[in-house]
Amino acid sequence: MPAAPSTRICVPIIAADPPIADQAAAALAAGADLIELRVDRIGDLAAVEDFLATKPAIPIILTIRTRDEGGDWDGDDADRIALIEHLGLQNPGYIDLELATWRRSPNLRQKVLLVAQRHRAESSATTADGMNSDRPRNQLILSEHNLRGTPTDLASRFAALAAESPSIAKIVTTARDAADGLRLLIELARHPDRDRFIALAMGEAGIATRVLARKFGAFLTFATLAPDAQSAPGQPSIAELHERYRWNSIDTDTAVYGIAGFPVSHSRSPDWHNRAMAHAGVNGVYVPLPVAPTYDDFAAFMSLVDAHAELGIRGLSITIPHKEHAFRWLADRAKGAAITISPLATRCRAVNTLARCADGGWFADNTDATGFLAALDAATAPATPDGPDRFGSALILGAGGVARAVIAALRDRGIAITIANRTAQRAAALAAEFSLTAVPWAQRETVRADLLVNCTSVGMSPNDDETPIPAASLRKFAAVADTVYAPAIPRRLASIECLANETRVLAEARTAGIATRITGDALFEAQAAAQFRIWHNIDIATLG
Ligand code: NAP
């Protein structure tokens, strides 16, 4: 059995309204192990004093953070330390102080140590006047916050904190992209006493550090009660930790999966894969991994993933703008290691799925392509025993990443393809690469084909009343597919009523009487299920 990590969830409290006691009770009920009283943000000292005087059962981190480390305190050290001494008398549990402050004077250190080491024996002695004898002694958290980035010398920064022998050492940086978060986790994983470290990266790109804190056995992670109650950028809500990331099932053996792209905040993949893993009983967690847009950024990220098996990353979804970058990175790396790229991904020259092999190599595929065929088969097979092979021809609108995948997939079926793209050179280049016919964008309405596939982003929210082709030209197609997602609930556009997951072009195809219609949602589901099969060898459809 893997070790069950004792990583705590700490809810920061940054305001006195609602009452602090109510927020603490809500945090406890939601599964928090600790709260942090951000006295610098709360402002209302009387409310803090009143709350601490009630000797709350939940352990508390007492923090009065300075402005230069991300807090609101702009007074001097003497006042701040006096306040820590005063509030610390109530035995909150933990006193957080910045390493920079700690180093400023021996006198200051002595004062903080006296509060920080206020022992339970003292409080036990006063049990008669209401002190809670169960409270542990105060412990010192020494912290460092970098609001600008993630330093390269993390090892020496961890060492500098540990050298002061605090009970807990906390390092918080700002993640430019997911690579910064991975570097923090690699450093955390190196420490045998990592249950005495907090290592988190702020910002959207730091989410992996907040979720994987438990896999690596850190002392705590922060999570908010409400999405707007963050004490630092990027903190998830406690509900998100539990429901989206299945916090309680993360252990040291949990395999890590994620989506690398830029941006990834609106991706459906984390929800889909986390739900599917829960359903299939897979010990895994799937996290967003925003990787900055250039090839060099992607290569730097992949070098970390590749070199640090201890991160436990077993699979990656790759999305815009890194699908071609992934293909190139594999080609570069292939000189020295075991790489298998599926024939379809090779024809696409783009990869959207990476699976780590047991020998440290990689298997790469393009499930946009296989998923498109699966969605097409699912939509057509029940109606026609011959399946989609009955389509002899297809018109593809667009010449971007998805168009490339769809073209490669349809070519494997021997379907004659015509493409039209707003930018003629892109259409011409793709047509030359795949030996296809390209027509000018203005002539797309005149093309006769069995299947129409919209691979442009036209119709995507917020421009969801747009369509890539006039409704009058739809009637001649036997089937229409759209790669663009639409909301899962029916809605009224200015021009037409849409059913669930229907874009405008699909709604117009329905009213034109076209029975076979494939939504972007169906395509997403099919490509995600194909990734799931690659990573877990499980056909999710068979689980019901
Ligand atoms: P991409 O590489 O950026 O390509 C975008 C394509 O849309 C290009 O061909 C572009 O033409 C065309 N386009 C954009 N705006 C246009 C306009 N106003 N009029 C005409 N053409 C326009 O993007 P992609 O990766 O191929 O993605 C395309 C769409 O597929 C997106 O909406 C994406 O969300 C969706 N998608 C869905 C799934 C799924 O699982 N359902 C998977 C991947 C992608 P130019 O060359 O002229 O710029």
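For the structure given in this document, a descriptive report is provided here. Fair warning: this is a prediction, and the values are worked out from it, not measured in the lab.

**A closer look at the sheet that holds strand 3 (residues 60–63)**
What the eight strands build is an open sheet, ordered 7-6-5-4-3-2-1-8; its pairing is parallel. The sheet terminates laterally at strand 7 (197–202) and strand 8 (220–222), the two strands that pair on one side only. For this sheet, the mean inter-axis angle between neighbouring strands, taken without regard to orientation, is 25 degrees. Relative to strand 5 (residues 139–145), strand 4 (residues 93–98) runs parallel, the two sharing five bridges. Residue pairing for strand 5: Asp96 is matched across the bridge by Ile141. Sheet strands touched by helix 8 (residues 154–163): strand 5, strand 6 (168–174) and strand 7. Its angle to strand 6, the strand with the most contacts, is close to 145 degrees.

**Looking at the environment of Phe197**
Locating Phe197 in the fold gives a position in strand 7. Looking at Phe197, the relative accessible area reads 3%, which means it is buried. Along the backbone, Phe197 and Ala213 are 16 residues apart, and their C-alpha atoms lie at a distance of 9.7 Å. Not counting residues within four places of it along the chain, the set of residues in contact with Phe197 comprises Phe158, Ala162, Ala169, Leu188, His191, Ala218, Phe219 and Leu220.

**A closer look at the packing of aromatic side chains**
Inspection of the entire model under this criterion finds eight aromatic pairs. Summarising the aromatic geometry, the rings of Tyr286 and Trp535 are spaced 6.2 Å apart at their centres and angled 45 degrees between planes, so their arrangement reads as tilted. With Tyr286 in strand 10 (residues 284–290) and Trp535 in helix 20 (residues 520–536), this residue pair connects regions lying 249 residues apart in the sequence. Note on Trp535: relative accessible area 11%, which makes it buried. Taking the centre distance of 5.9 Å and the plane angle of 75 degrees together, the rings of Tyr485 and Phe524 count as edge-to-face. Residue Tyr485 is found in the loop between strand 19 (479–482) and strand 20 (491–492), and its partner Phe524 is found in helix 20; the two are separated by 39 residues along the sequence. With relative accessibility at 41%, the residue Tyr485 sits in the partly exposed group. Taking the relative accessible area as the measure of exposure, Phe524 reaches 5% and is therefore buried. The ring of Phe216 carries Lys215 above its face, with NZ or CZ at 5.6 Å from the centroid. The ring of Tyr295 has Arg328 lying over it, and the distance from NZ or CZ to the ring centre is 3.5 Å.

**Considering the packing of helix 17 (residues 401–412) against helix 18 (residues 424–434)**
Between helix 17 and helix 18, the least distance of the axes is 12 Å, while the angle of their chain directions is 30 degrees. Between helix 17 and helix 18, the angle falls in the class roughly parallel. Read as a crossing pair, helix 17 and helix 18 show a hand that is right-handed. In contact with Ala403, Arg404, Ile407, Ala408 and Arg411 of helix 17, helix 18 contributes Leu430, Glu433 and Phe434. Taken together, the residues that form the contact of helix 17 with helix 18 break down as five nonpolar, no polar and three charged.

Rules of the game
- Residues numbered from 1 in each chain as written.
- Predicted model: local features only at pLDDT ≥ 70, side-chain atom pairs only at ≥ 80, totals over all residues.
- Heavy atoms only, no water.
- Pairing = 2+ DSSP bridges.
- Helix = DSSP H or I, 4+ residues; strand = E, 2+ residues; numbered from the N terminus.
- Axes fitted to C-alpha atoms, helices over the stretch in contact; angles between N-to-C directions.
- Contact = heavy atoms within 4.5 Å.
- Buried < 20%, exposed > 50% of the residue type's maximum accessible area, 1.4 Å probe, protein only.
- Phe/Tyr/Trp six-rings, centres within 6.5 Å; stacked < 30°, edge-to-face > 60°.
- Lys NZ or Arg CZ within 6 Å of the ring centre and 35° of its normal.
- Parallel < 35°, antiparallel > 145°, perpendicular 65-115°, else oblique.
- Left-handed = near helix turned anticlockwise from the far one by under 90°.
- Nonpolar A, V, L, I, M, F, W, Y, C, P; charged D, E, K, R; others polar.

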